[in-house]
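Below are the chains, spelled out letter by letter.
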Amino acid sequence: MNAQEMYRKMLAKQSQSSDAPPFKVSAPALSIPDDTTLVVFGGTNWDNLGKGKEAHTKSAPNLMGPCRLVLPGVKVAFVATSSCSSHCIALSASGAAYAWGRNQCGQLGLGDTLTRAGPTEVTALQGTPLSAAATGKHHTLWLGAEGDLFASGSSKEGCVGPSADKRREMEATPVAVPGLAAGAAYVAAGGAHNLVIDREGTLWAFGSSECGVLGNGTDGQYNKSDSSIKLAYATEAAPLKVPKLAGRKMVHAACGPQHSAAVDEEGRCFTWGCGGDGRGWPQKHKGAPG
């Protein structure tokens, strides 16, 4: 019996009892222990990770096991990194942000493009307590405790929202991402796209539409000119609702480099984007949740 059959069987059994409470799924919650320890392992040669080069050096070794990373006087409450990114974010219990790793597009939000070997406080966000963050390949989303949303890093694919200065290709200091009247409650970042769940449970997407990752029914592919066979992909800098999930209350979302997934309050999981490597559907790409 596969997972979908188990789910249908569970719902059928529940419907047989009128006294059974409706099945609901809540957003993931994490309680912060009294004592926290930040540990890291893996590659630390941030500028060469994922580039096919020998990353291990004496000055930036591969960490073969968990190593404690000390932030004096800081109680770490949240960490973010991903398979897409070569940078890391840590948030303190008071909502302060610390960033380190690769920074060639200003994704660390520190106002420059210098790599940081260790945690450095993101001073531009002082005074705005943060509750979460998400890291893409060359960008970062920062979620304020009051539902405000900020982004930094590469802006040419729409990853940092509509407030980015169109005269340049990056925002090295976090900028506000407008358009979410209800306020943001959860963020996820892929290679060059983002998913955001607002406080009412509506799912929004923005960034590159390649492979249909935005869930709007298209991959946005087009020729750069009539005489060219070079393809490009449409971008959406302003957050847009994912149409097929309108009216559903979403509780969780996740992004891969070129695919997306989300779960609603009834426990149903929806996936879309690149369909290669067994990611959930037979066709090559799927531009809408299913």
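Draft legend 1. Representation of the side chain of Asp-198. For Asp-198, the location among the structural elements is in strand S12 (residues 193-198). No salt bridge is formed by the buried Asp-198. Its closest oppositely charged neighbour is Lys-241, at 6.6 Å. Engagement of the side chain of Asp-198 in a polar contact is seen with the backbone nitrogen of Thr-202, the distance being 2.9 Å. If we skip the residues at most four places from it in the chain, Asp-198 touches Ala-182, Gly-183, Ala-184, Ala-185 and Trp-204.

Draft legend 2. Local environment of the sheet that holds strand S5 (residues 97-101). Read from one edge to the other, the open sheet built from 4 strands follows the order S3-S4-S5-S6, with strand pairing classed as antiparallel. Unpaired on one side and paired on the other, strand S3 (76-80) and strand S6 (116-121) mark the two borders of the sheet. The average angle at which neighbouring strand axes cross in this sheet is 20 degrees, direction not considered.

Draft legend 3. Highlighting the sheet that holds S12. The sheet built from 4 strands is open, its strands ordered S11-S12-S13-S16 with antiparallel pairing. Each edge of the open sheet is held by one strand with a lone partner, namely strand S11 (184-189) and strand S16 (235-241). Sheet twist, expressed as the mean angle between neighbouring strand axes with direction ignored, is 15 degrees. When strand S13 (residues 203-208) meets S16, the two strands line up antiparallel, connected through 4 bridges. Across the sheet, the residue bridging to Trp-204 is Lys-241, located in S16.

Draft legend 4. Fine view of the pairing of S5. Within S5, 5 of the 5 residues are buried, leaving the element largely enclosed by the surrounding structure. Of the two faces of S5, the one holding Ala-97, Ala-99 and Gly-101 and the one holding Tyr-98 and Trp-100 are both buried throughout. Sheet topology places strand S4 (residues 87-92) next to S5; 5 bridges connect them, and they run antiparallel. Bridge pairing links Leu-91 to Ala-97 in S5. Hairpin geometry of S4 and S5 is characterised by an intervening segment of 4 residues between the two adjacent antiparallel strands and by a positive phi of about 95 degrees at Gly-95. Sheet topology note: the S5/S6 ladder contains 3 bridges and is antiparallel. What sits directly across from Gly-101, in S6, is Arg-116.

Draft legend 5. Seen up close, the pattern of salt bridges. Summed over the entire model, instances satisfying the criterion amount to 7 salt bridges. Between Glu-171 and Arg-168 there is a salt bridge, with its nearest N and O atoms 3.2 Å apart. Owing to a relative accessible area of 46%, Arg-168 belongs among the partly exposed residues under this scheme. Across the pair Arg-268 and Glu-266 runs a salt bridge whose closest N-O atoms are separated by 2.6 Å.

Calculation notes
Residues numbered from 1 in each chain as written. Predicted model: local features only at pLDDT ≥ 70, side-chain atom pairs only at ≥ 80, totals over all residues. Heavy atoms only, no water. Helix = DSSP H or I, 4+ residues; strand = E, 2+ residues; numbered from the N terminus. Buried < 20%, exposed > 50% of the residue type's maximum accessible area, 1.4 Å probe, protein only. Lys, Arg positive; Asp, Glu negative; His and termini not counted. Salt bridge = Lys/Arg side-chain N within 4 Å of Asp/Glu carboxyl O. Polar contact = N/O pair within 3.5 Å; in protein donor to acceptor, adjacent residues only side chain to side chain. Contact = heavy atoms within 4.5 Å. Pairing = 2+ DSSP bridges. Axes fitted to C-alpha atoms, helices over the stretch in contact; angles between N-to-C directions.

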